[in-house]
Amino acid sequence: MSIVAAFMVPHPPLIIPAVGQGREEEVRETIDSYLAVAEEIAKARPETIIISSPHATMYSDYFHISPGYTAKGNFGDFGARQVSFDVKYDVSLRERICQLAEEADFPAGILGERKPALDHGTMVPLYFIRQKYTDFKLIRIGLSGLGLADHYRLGEMIRQAVEESGRRVVYVASGDLSHKLQDYGPYGFAPEGPEYDQRIMDTAGRGAFDEMLRFDENFCDRAAECGHRSFVMMAGALDGVSVSTRVYSHQDVTGVGYGICSFYPGEKDPGRHFREAYLREQEEKARSGMESADAYVRLARASLESYILRRETIHVPEGLPPEMYRNRAGAFVSIHKEGRLRGCIGTILPTEESVAMEIIQNAISASTRDPRFDPIRPEELPLLEINVDVLGEPEDIDSPDQLDVKRYGVIVTRGRRRGLLLPDLEGVDTVEEQIDIAKRKAGIDEDEEVKLQRFEVIRHK
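Just so it is clear, the model here is predicted, and its values are computed rather than measured.

Calculation notes
- Residues numbered from 1 in each chain as written.
- Predicted model: local features only at pLDDT ≥ 70, side-chain atom pairs only at ≥ 80, totals over all residues.
- Heavy atoms only, no water.
- Core = buried A, V, L, I, M, F, W, Y, C linked by side-chain atoms within 4.5 Å.
- Buried < 20%, exposed > 50% of the residue type's maximum accessible area, 1.4 Å probe, protein only.
- Contact = heavy atoms within 4.5 Å.
- Helix = DSSP H or I, 4+ residues; strand = E, 2+ residues; numbered from the N terminus.
- Pairing = 2+ DSSP bridges.
- Phe/Tyr/Trp six-rings, centres within 6.5 Å; stacked < 30°, edge-to-face > 60°.
- Lys NZ or Arg CZ within 6 Å of the ring centre and 35° of its normal.
- Axes fitted to C-alpha atoms, helices over the stretch in contact; angles between N-to-C directions.
- Parallel < 35°, antiparallel > 145°, perpendicular 65-115°, else oblique.
- Left-handed = near helix turned anticlockwise from the far one by under 90°.
- Nonpolar A, V, L, I, M, F, W, Y, C, P; charged D, E, K, R; others polar.
- Patch = residues over 30% accessible without salt bridge, like charges linked within 9 Å, V, L, I, M, F, W, Y side chains within 5 Å.
- Areas by Shrake-Rupley, 256 points an atom, 1.4 Å probe, with all protein chains shown as cover.
- Salt bridge = Lys/Arg side-chain N within 4 Å of Asp/Glu carboxyl O.
- Lys, Arg positive; Asp, Glu negative; His and termini not counted.
- Charge placed at Lys NZ, Arg CZ, Asp CG, Glu CD.
- Expected span 1.5 Å × (residues − 1).
- Arc of directions from axis to C-beta.

Peer 1: Could you clarify how one ought to interpret the nonpolar core in this entry?
Peer 2: The nonpolar side chains of soluble globular proteins are, as a tendency, buried together. The biggest cluster of nonpolar side chains holds 54 residues, and the ones touching the most others in it are Leu-154, Ile-158 and Tyr-171. Setting aside residues up to four positions removed in sequence, Tyr-171 forms contacts with Ile-3, Ala-5, Ala-6, Phe-7, Ile-50, Ser-52, Ile-158, Ser-230, Met-233, Met-234 and Ala-237. Ranked by size, the runner-up nonpolar core spans 40 residues in total, among them Ala-5, Val-19, Val-83 and Tyr-133.

Here it is in structure tokens:
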């Protein structure tokens, strides 16, 4: 047996009557759609329901799967403690998912649970499901800060574990859409908000899961969406089969998007192994970028590849441009994977005898010692995009008016604390944002006064 149905649903506590206190009628269309989904789940009679929730335990580099045999929760945080839940987990199926992840050296498992109580991203779907059906066990999975392809891959492992188990399983991808649809919404309005909702509902309605993988994550951040990674994980759980889809509803009256869709798997379809195709595209993109890269970037890649594959630090090679041997300067090596930052470390002032040696050392540090990320693994190398920024001499400035986010990077200093932000970064549009981010990186409070310096860079791609 395999996953018999999957559903994309929102999780606003407002739609629980004891929470909404009448306001839930604003989203009556969503409530009616939810009840229809609950009827569909009851007809499917699953032995297990898997729910991926943005509000379960979440880590930047690890997928948390809730441990234990049972879990409880209630809507006390929303003033309705009387609405409570007591569920049993499907322990054996969960163990198989974790085993597959361990065998693949994939970062998922039951470690590090912070709050065993059920989260509202799980309880809202359960509220409607259990009105129609109660004879099931649960698996609850959190999202992560890893890329979309990794979320899809975990979905593939879930599919494999389900097929091996012989269980009848329903997958519920819990997640709201954009939170920036209306000026009066919780996060105000952004033009990316309505665009995200239109795109995701169209994509879901066509079952075009390959397009879900291609949503730019900076665009998703600007739209303040909640559930995209949850939807992508669901898509991975339906990898390799045709799907029939239905869009039940979409509402945006609260300033937040609520979309409900169903997906029923059909026959095997080799054309729907979307992660494989996506990774091939990413590898080709990285390979094409390297073909056009200059000597600075090629040196950075050679350095990190040698260290990751053989733990060897390369010597400065022959044939580089003369200035790379002659000049000394600070340099930053930035590494991206699938459009997301994967590592970035550099030096403000030169610490080596030449720019070439600076790049060799900083490429190793960016790929293996950035404290925000796990070290890059050998299998990731074909997917990496690398930039090298060579810094000019920092100069003191008296005012933020002397900054330009496109032209100048900024250094903020207070005592022994110092933070730097490079220029011309996507998503950093104002001087105020640039300074605030640099302060945060240095552990400086936003209201503390700092010494300002600016610098220019030569960016190599």
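Peer 1: I would appreciate a short explanation of the pairing of strand 7 (residues 137–142) in the present structure.
Peer 2: For a regular strand, side-chain orientation follows a simple rule: the groups alternate between the two sheet faces. Of all the six residues making up strand 7, five are buried; the element is thus mostly covered by neighbouring parts of the structure. Pairing between strand 2 (residues 48–53) and strand 7: six bridges, direction parallel. Of the residues in strand 7, the one forming a bridge with Ile-49 is Leu-138.

Peer 1: I keep staring at the packing of aromatic side chains and nothing clicks. Help me out?
Peer 2: Between two aromatic rings, the relevant description is the distance of the centres plus the angle of the planes. Using the criterion set out here, one finds twelve aromatic pairs in the structure. Measuring from centroid to centroid gives 6.2 Å for Tyr-59 and Tyr-62, while their planes differ by 70°, and the two rings are edge-to-face. Among the residues examined, Tyr-59 registers a relative accessible area of 24% and is labelled partly exposed. Its relative accessible area of 15% is what places Tyr-62 among the buried residues. Judged by centre distance (5.9 Å) and plane angle (70°), the ring pair of Phe-75 and Phe-85 falls under edge-to-face. Pair noted here: Phe-75 is in strand 4 (residues 70–75) and Phe-85 is in strand 5 (residues 80–88), with a separation of ten residues, a long-range link. Phe-85 matches Phe-75 in its accessibility class, with the two residues each being buried. Pairwise contacts between aromatic rings join Tyr-34, Tyr-127 and Phe-128 into one cluster. A cation over a ring is seen here: Arg-114 above Tyr-59, with NZ or CZ 4.6 Å from the ring centre.

Peer 1: Help me out: how do you make sense of the sheet that holds strand 13 (residues 384–391) in this one?
Peer 2: Pairing between the strands of a sheet comes from backbone hydrogen bonds, and it takes one of two forms, parallel or antiparallel. Taken together, four strands build an open sheet; the order of strands is 12-11-13-18 and the sheet is antiparallel. Looking at which strands have only one partner, the edges of the open sheet turn out to be strand 12 (340–346) and strand 18 (457–460). Each strand of the sheet is rotated relative to its neighbour by a mean of 20°, with strand direction disregarded. With respect to the sheet, helix 13 (residues 355–368) is in contact with strand 11 (331–337), strand 12 and strand 13, its orientation differing from that of strand 11 by roughly 40°.

Peer 1: Looking at this structure, how should I read the packing of helix 3 (residues 91–103) against helix 5 (residues 148–165)?
Peer 2: Packed helices, taken two at a time, are described by the angle their axes make and the gap between the axes. Packing of helix 3 against helix 5 leaves a shortest axis separation of 9 Å and a crossing angle of 130°. Between helix 3 and helix 5, the interaxial angle falls into the category oblique. Of the two elements, helix 3 crosses helix 5, and the hand of that crossing is right-handed. Of helix 5, the residues touching helix 3 (which contributes Leu-93, Arg-96, Ile-97, Leu-100 and Ala-101) are Leu-154, Met-157, Ile-158, Gln-160, Ala-161, Val-162, Glu-164 and Ser-165. Tallied by class, the residues present in the contact of helix 3 with helix 5 amount to nine nonpolar, two polar and two charged.

Peer 1: Before we go on, may I ask you to explain a negative patch on the surface in this structure?
Peer 2: On the surface, Asp-401, Asp-429, Glu-432 and Glu-433 cluster together to form a negatively charged patch. Tracing the sequence through the fold places Asp-429 in the loop between strand 16 (417–421) and helix 14 (431–442).

Peer 1: Please clarify how the sheet that holds strand 9 (residues 241–251) should be interpreted in this entry.
Peer 2: Ordered in space as 7-2-8-1-10-9, the six strands form an open sheet in which the pairing is mixed. Single-partner strands in this sheet number two, and they are strand 7 and strand 9. On average, each strand axis in the sheet is tilted by 15° relative to the strand beside it, whichever way the strands run. For strand 2 and strand 8 (residues 169–174), the ladder comprises five bridges, and the chain directions are parallel. Bridge assignment links Ile-50 to a residue of strand 8, and that residue is Tyr-171. Each of strand 1 (3–9), strand 2, strand 8, strand 9 and strand 10 (258–268) is contacted by helix 2 (residues 28–44), which is oriented at about 150° to strand 9, the strand it contacts most.

Peer 1: Even after reading the chapter, I still don't get helix 14, so can you show me in this structure?
Peer 2: At 3.6 residues per turn, the α-helix brings residues three or four places apart onto the same side. Compared with the 16 Å implied by 1.5 Å per residue over twelve residues, the 17 Å span of helix 14 between its first and last C-alpha is a close match. All of the buried residues along helix 14 are Val-431, Gln-434, Ile-435, Ala-438, Lys-439 and Ala-442. One side of helix 14 holds all its buried residues, which, seen down the axis, span an arc of 130°. The exposed residues of helix 14 that point more than 90 degrees off its buried face are Glu-432, Arg-440 and Lys-441. Residues of helix 14 that are buried in the fold lie against strand 15 (409–414), strand 16 and strand 17 (451–455). One or two steps after helix 14, the chain reaches Gly-443, where phi turns positive at roughly 75°.

Peer 1: Even after reading the chapter, I still don't get the pairing of strand 8, so can you show me in this structure?
Peer 2: Of all six residues in strand 8, six are buried; the element is thus mostly enclosed. In the sheet, strand 1 pairs with strand 8 via six bridges, with the strands oriented parallel. Across the sheet, the residue bridging to Ala-5 is Val-170, located in strand 8.

Peer 1: Help me understand the environment of Leu-35 in this model?
Peer 2: As for its placement among the helices and strands, Leu-35 is situated in helix 2. What makes Leu-35 partly exposed here is its relative accessible area of 25%. C-alpha of Leu-35 to C-alpha of Phe-128: the two residues are 93 residues apart in sequence and 6.2 Å apart in space. Ignoring sequence-local partners within four residues, the contact set of Leu-35 consists of Phe-128, Gln-131 and Lys-132.

Peer 1: What exactly am I supposed to notice about the pattern of salt bridges here?
Peer 2: Side chains that differ in sign of charge can pair as their charged atoms come close. Evaluated as defined, the whole model comprises 32 salt bridges. The partner of Arg-206 in a salt bridge is Asp-202, with the nearest N and O atoms 2.9 Å apart. Taken together, the residues Arg-206 and Asp-202, both in helix 6 (residues 192–206) and four residues apart, mark about one turn of the helix. Note on Asp-202: relative accessible area 34%, which makes it partly exposed. For the salt bridge of Arg-454 with Glu-395, the shortest nitrogen-to-oxygen distance reads 2.9 Å. You can see Arg-454 sitting in strand 17 and its partner Glu-395 sitting in strand 14 (residues 395–397), a full 59 residues away along the chain. Relative accessible area serves as the criterion here: at 35%, Glu-395 is assigned to the partly exposed category. Taken together, the shared-partner salt bridges connect Lys-337, Arg-342, Arg-377, Glu-379 and Glu-380 into one network.

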